[in-house]
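The chain contents come next:
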Amino acid sequence: MDQTKYLLDESRMPRSWYNIAPDLPFDLAPPVAPDTRKPVGPDAFAPIFPKAIIEQEVSTERYVEIPEEVREIYSLWRPTPLFRARRLEKVLDTPAHIYYKYEGVSPTGSHKPNTAVPQAYYNREAGVRRLTTETGAGQWGSSLAFACQAMGLECTVYMVRISYAQKPYRRMMMETFGAEVFPSPTDRTNAGRGILGKDPDSPGSLGIAISEAVEDAVVSGAKYSLGSVLNHVLMHQTVIGEEALEQFEMAGEYPDIVVGCAGGGSNFGGVAFPFLRENLANGRNTRLIAVEPSSCPTLTKGRFTYDFGDAAGMTPMMKMYTLGSSFVPPGIHAGGLRYHGDSPILSALVHENMVEAVAYPQNATFAAGLEFAKAEGIIPAPEVTHAIKAVRDLALQAKEAGERKTILFNLCGHGYFDMVAYERYLAGELEDLEHSEESIERAISAIPS
Ligand SMILES: *Cc1c(COP(=O)(O)O)cnc(C)c1O
């Protein structure tokens, strides 16, 4: 029988995270202060992050050791399996070899605990008692709730209102792990009250929820935790790609193409950066493709410029692809991809043409997700259906060209809390919610220059 799963023994779990910053063949633009536009020192992050996290954010060390206690908790689900999607290959009748790394085996069903656990750990080591955060679809909030309870911290989550309504079970999961959860915008913060004053029915956005969580932390002396975008978050996620490299060795293959969906860029960076290192250092030539929704087309239609990470302008400005921090994306089901900006590292890589970016509308991605589910038996998170749609197109192109490409994608989460989205898709009720060109132009022109 042909092999389907490539499993690593626990003893082969990575001992360090890979920091791509020192290997980048260009200079990364530093975060700047909004008023002076001068680079901010690490101190600018001190009100919201503990020292160890800030050090990782600006680290120039190629490898950072994973603390033993973090590895112990990782071992609840890591190493994660690498699957060969043989049944999907048959359905597509493609000569391509399709592999997926499955991060849905984690306690909360996505890649997010890979960074939630170390973030909670470093905060506890620094004497912090409570963490605040935002969440879109709830994957990040539930992951931080899990990590906080594992480390004995309290956890407050601002959940984007549209997701709070669409995903009650995610909220219950956070509460089960002991977190308190509020639908954002709330009237608990100045940022939230400001938005509600202008638009009482605001569906919320990640940018707004980040403003609320940051304000809560700064005002109360708690710390804040971010589930994507920042350098240290992408670094924590590189355990995915490091394991995949070893698993490809077991399979006797090497990917020609690596694909991941991109909201803030963390699961994409996690799977892709170790392969990018191999491109840069070891003469490999793997194509890297980030996939986003056409309703929130940050990498494909955004502007590469300095912008705020949040709607209220409370964070230092970062150079990234952005749709403008006032952009409120349509309420698509892939809540984790509804962010106006993107990781500065991933943005720079796209800008330098070292990573490709594509965008797809909602119905086409659900069709590809359903086809994958029927073939492979795992119902994917709405976010990852974007990557699956791209892989499907690549596999069909390979068939057309008669090429035997090897494709890896990161199946970064399962969709078992997203069945309402699938129900609506099956009923033919899912709209291809699109942004209006005008709303993007307006938000982009509002970016302070
Ligand atoms: C959060 C999330 C995303 C988007 O975030 P990235 O930082 O871009 O990875 C994508 N997929 C799933 C399953 C998520 O939970």
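Residues numbered from 1 in each chain as written. Predicted model: local features only at pLDDT ≥ 70, side-chain atom pairs only at ≥ 80, totals over all residues. Heavy atoms only, no water.

## Observations regarding the side chain of Q247
Structurally, Q247 can be placed in helix α11 (residues 239-251). Polar contacts involving the side chain of Q247 include one to the side chain of K101, which spans 2.8 Å. Discounting residues that sit within four places of it in the chain, Q247 has contacts with Y6, L7, L8, T80, P81, L82 and K101. (Helix = DSSP H or I, 4+ residues; strand = E, 2+ residues; numbered from the N terminus. Polar contact = N/O pair within 3.5 Å; in protein donor to acceptor, adjacent residues only side chain to side chain. Contact = heavy atoms within 4.5 Å.)

## Examining the packing of helix α15 (residues 362-376) against helix α16 (residues 384-401)
It is at 8 Å that the axes of α15 and α16 come closest, and there the two elements cross at 80 degrees. One element, α15, and the other, α16, form an angle in the roughly perpendicular class. On α16, the residues touching A364, T365, F366, A368, G369, E371 and F372 of α15 are T385, H386, I388, K389 and R392. Residue classes in the contact of α15 with α16 are distributed as five nonpolar, four polar and three charged. (Axes fitted to C-alpha atoms, helices over the stretch in contact; angles between N-to-C directions. Parallel < 35°, antiparallel > 145°, perpendicular 65-115°, else oblique. Nonpolar A, V, L, I, M, F, W, Y, C, P; charged D, E, K, R; others polar.)

## Quick word on the environment of W17
Relative to the elements of secondary structure, W17 occurs in strand β2 (residues 16-18). Under the relative-accessibility criterion, W17 is labelled buried at 0%. Separated by 306 residues in sequence, W17 and L323 place their C-alpha atoms 30 Å apart. Of the polar contacts made by the side chain of W17, one reaches the backbone oxygen of H236; its length is 3.3 Å. (Buried < 20%, exposed > 50% of the residue type's maximum accessible area, 1.4 Å probe, protein only.)

## What about the state of the cysteines?
Taken as a whole, this structure holds zero disulfides when the rule is applied. Note on C261: no disulfide assigned, nearest cysteine sulfur contributed by C412 at a separation of 3.8 Å. (Disulfide = S-S within 2.5 Å.)

## Some words on α16
For α16, which comprises 18 residues, the first-to-last C-alpha distance of 26 Å matches the rise-based estimate of 26 Å (1.5 Å per residue) to within 8%. Those residues of α16 not exposed but buried are V384, T385, H386, A387, I388, K389, A390, V391, L394, A395 and A398. (Expected span 1.5 Å × (residues − 1).)

## Focus: the sheet that holds strand β4 (residues 82-84)
Ordered by their spatial adjacency, seven strands build an open sheet running β1-β4-β5-β15-β10-β11-β14, and the pairing between neighbours is mixed. The sheet is open, and its two borders are formed by β1 (5-6) and β14 (356-360), each paired with just one other strand. Strand direction decides the pairing type here: β1 and β4, joined by two bridges, are antiparallel. Across the sheet, the residue bridging to K5 is F83, located in β4. (Pairing = 2+ DSSP bridges.)

## Re the site of the ligand
Around the ligand there are 17 residues in total, and K112, S228, G263, S266 and N267 lie nearest to it. Between the ligand and G264, the relevant distance is 3.0 Å, taken from an oxygen atom to a main-chain nitrogen or oxygen of the residue. The contact in question runs from an oxygen atom of the ligand to an N or O atom on the backbone of G265, over 2.9 Å. When its residues are assigned to classes, the shell around the ligand shows four nonpolar, 11 polar and two charged. Each of two domains, domain 1 (5-10 + 68-109 + 234-445) and domain 2 (17-66 + 112-231), supplies a minimum of three residues to the shell around the ligand. (Near = heavy atom within 4 Å. Domains from an automatic or database assignment.)

## Things to note about the sheet that holds strand β6 (residues 130-135)
On the basis of which strands lie adjacent, the open sheet formed by four strands has the order β8-β7-β6-β9 and parallel pairing. Whereas interior strands pair on both sides, the edge strands pair on one side only; in this sheet they are β8 (180-184) and β9 (223-224). Across five bridges, the pairing between strand β7 (residues 154-160) and β8 is parallel. Bridge assignment links M159 to a residue of β8, and that residue is P183.

## A short note on the nonpolar core
Ranked by size, the top nonpolar core spans 52 residues in total, and within it W17, F49, Y74, V117 and Y224 carry the most contacts. Of all elements in the fold, only α1 (51-57), α2 (68-74), α4 (113-125), α5 (139-151), β7, α9 (206-220), α10 (231-236) and β13 (318-322) reach the threshold of two or more residues within this core. Take this core: its biggest share by element is seven residues, from α5. Residues from two domains meet in this core; each of domain 1 (5-10 + 68-109 + 234-445) and domain 2 (17-66 + 112-231) gives at least three. Listed in part, the 34 residues of the second largest apolar core include Y100, I289, A387 and L394. (Core = buried A, V, L, I, M, F, W, Y, C linked by side-chain atoms within 4.5 Å.)

## Points about the domain arrangement of the protein chain
Along its sequence, the protein chain is organised into domain 1 (5-10 + 68-109 + 234-445) and domain 2 (17-66 + 112-231). Summarising the inter-unit geometry, the C-alpha centres of domain 1 and domain 2 are found 21 Å apart. Together, the buried faces of domain 1 and domain 2 total about 5,300 Å²; carbon and sulfur atoms form 67% of this surface. The interface formed by domain 1 and domain 2 includes two salt bridges. With a shortest N-O distance of 2.6 Å, D418 and K167 are connected by a salt bridge. At the level of secondary structure, the elements contributing two or more residues to the side of domain 1 that touches domain 2 comprise α2, α10, α11, α12 (266-282), β13 and α14 (344-351). Looking at the side of domain 1 that touches domain 2, its residues break down into 33 nonpolar, 15 polar and 14 charged. (Buried area = accessible area lost by both parts, 1.4 Å probe. Salt bridge = Lys/Arg side-chain N within 4 Å of Asp/Glu carboxyl O.)

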